[in-house]
Amino acid sequence: PLSAGPGCESLVASGNGAVVAMYNSTYDATTGVMTQGGAQTSSATTADFVGDRFLDYGAIYSGTGQVLGYVDQGLAEGGVINPAGTRAYSLTQDQTDDLTLSTYDLTAAPTPAGSQFAKYPVLGTPTTLATSITEGLYLGSITPDGGTIFLAGPLEFFVQPVSP
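Only a predicted model underlies this, so the values are computations on that prediction, with no experimental measurement involved.

Q: What am I meant to see in the side chain of S102 here?
A: With respect to the secondary-structure elements, S102 resides in strand 11 (residues 99-105). Overall, S102 belongs to the buried group, its relative accessible area being 4%. The contact partners of S102, leaving out residues within four places of it in the chain, are A88, Y89, S90, T92 and P126.

In structure tokens form, the structure reads like this:
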């Protein structure tokens, strides 16, 4: 799923096109109904295949707009959620300013339980993508099978295999 371009920065569709989220509203294409309340959206928002989960600036939202938990925001625009809604991927810079890709388990409970800012656990060790990056906007997308992430920056383009 990709978010829309300039002028529609807050519009994002699920992978199957059945759910379109914009700002804090949701359009259900199967019923033709627009409802108030839904995921917060921006140019950085990505969705799973059926529109059950959205990732926006480190926050994981349900399709109804409830914040389920968080992942490290890092370079916020570079985050993606897999089509199954079970993994989120976030670009961050480590202590040496290397660009890394972290994987989060969205099937686990965020911790600490009951916290307003509970985070999902990181799976494994973050993958280093580059040792020097260009400052600026990074956008990401993922293949329908959840096996490859595409990340585009001002001067870089990464194709990263991941475990679905």
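Q: Can you walk me through the confidence of the model for the protein chain in this structure?
A: Where the model shows low pLDDT, its predicted coordinates should not be examined in detail. Scored by pLDDT, the protein chain has a mean of 82; 87% of the residues are at 70 or more. A low-confidence stretch, residues 1-7 (pLDDT under 50), is modelled with 16 contacts involving residues beyond four sequence positions or located in other chains.

Q: What is the right way to look at the nonpolar core in this model?
A: General note: in soluble globular proteins, nonpolar side chains tend to be found buried as a group. One finds L101 and I149 to be the most contacted residues of the largest nonpolar core, which totals 13 residues. For this core, the secondary-structure elements that each account for two or more residues are strand 10 (87-93), strand 11, strand 12 (122-130) and strand 14 (148-152). Ignoring any residue separated from it by four or fewer positions in sequence, one finds I149 in contact with V80, Y89, L101, S141, I142, F158, V159, Q160 and V162. Core analysis: the next-biggest nonpolar cluster, separate from the first, contains nine residues, A21, A39, A47 and F54 among them.

Q: Can you walk me through the sheet that holds strand 8 (residues 67-70) in this structure?
A: Adjacent strands of a sheet form backbone hydrogen bonds with each other and so pair up, either parallel or antiparallel. Spatial strand order, 5-6-7-8: four strands in an open sheet with antiparallel pairing. On the outer flanks of this sheet lie strand 5 (46-47) and strand 8, each paired with one strand and no other. Relative to strand 7 (residues 59-62), strand 6 (residues 53-56) is paired through four bridges, and the arrangement is antiparallel. Within the sheet, the bridge partner assigned to R53 lies in strand 7 and is S62.

Q: Would you mind going over the sheet that holds strand 14 with me for this structure?
A: Read across the open sheet, the three strands follow the order 13-14-15; overall the sheet is antiparallel. Two strands close off the open sheet at either side, each with one partner strand: strand 13 (139-142) and strand 15 (157-161). Each adjacent strand pair in this sheet contributes to an overall mean axis angle of 15 degrees, direction not counted.

The rules we used
Residues numbered from 1 in each chain as written. Predicted model: local features only at pLDDT ≥ 70, side-chain atom pairs only at ≥ 80, totals over all residues. Heavy atoms only, no water. Helix = DSSP H or I, 4+ residues; strand = E, 2+ residues; numbered from the N terminus. Buried < 20%, exposed > 50% of the residue type's maximum accessible area, 1.4 Å probe, protein only. Contact = heavy atoms within 4.5 Å. pLDDT = per-residue confidence, 0-100. Core = buried A, V, L, I, M, F, W, Y, C linked by side-chain atoms within 4.5 Å. Pairing = 2+ DSSP bridges. Axes fitted to C-alpha atoms, helices over the stretch in contact; angles between N-to-C directions.

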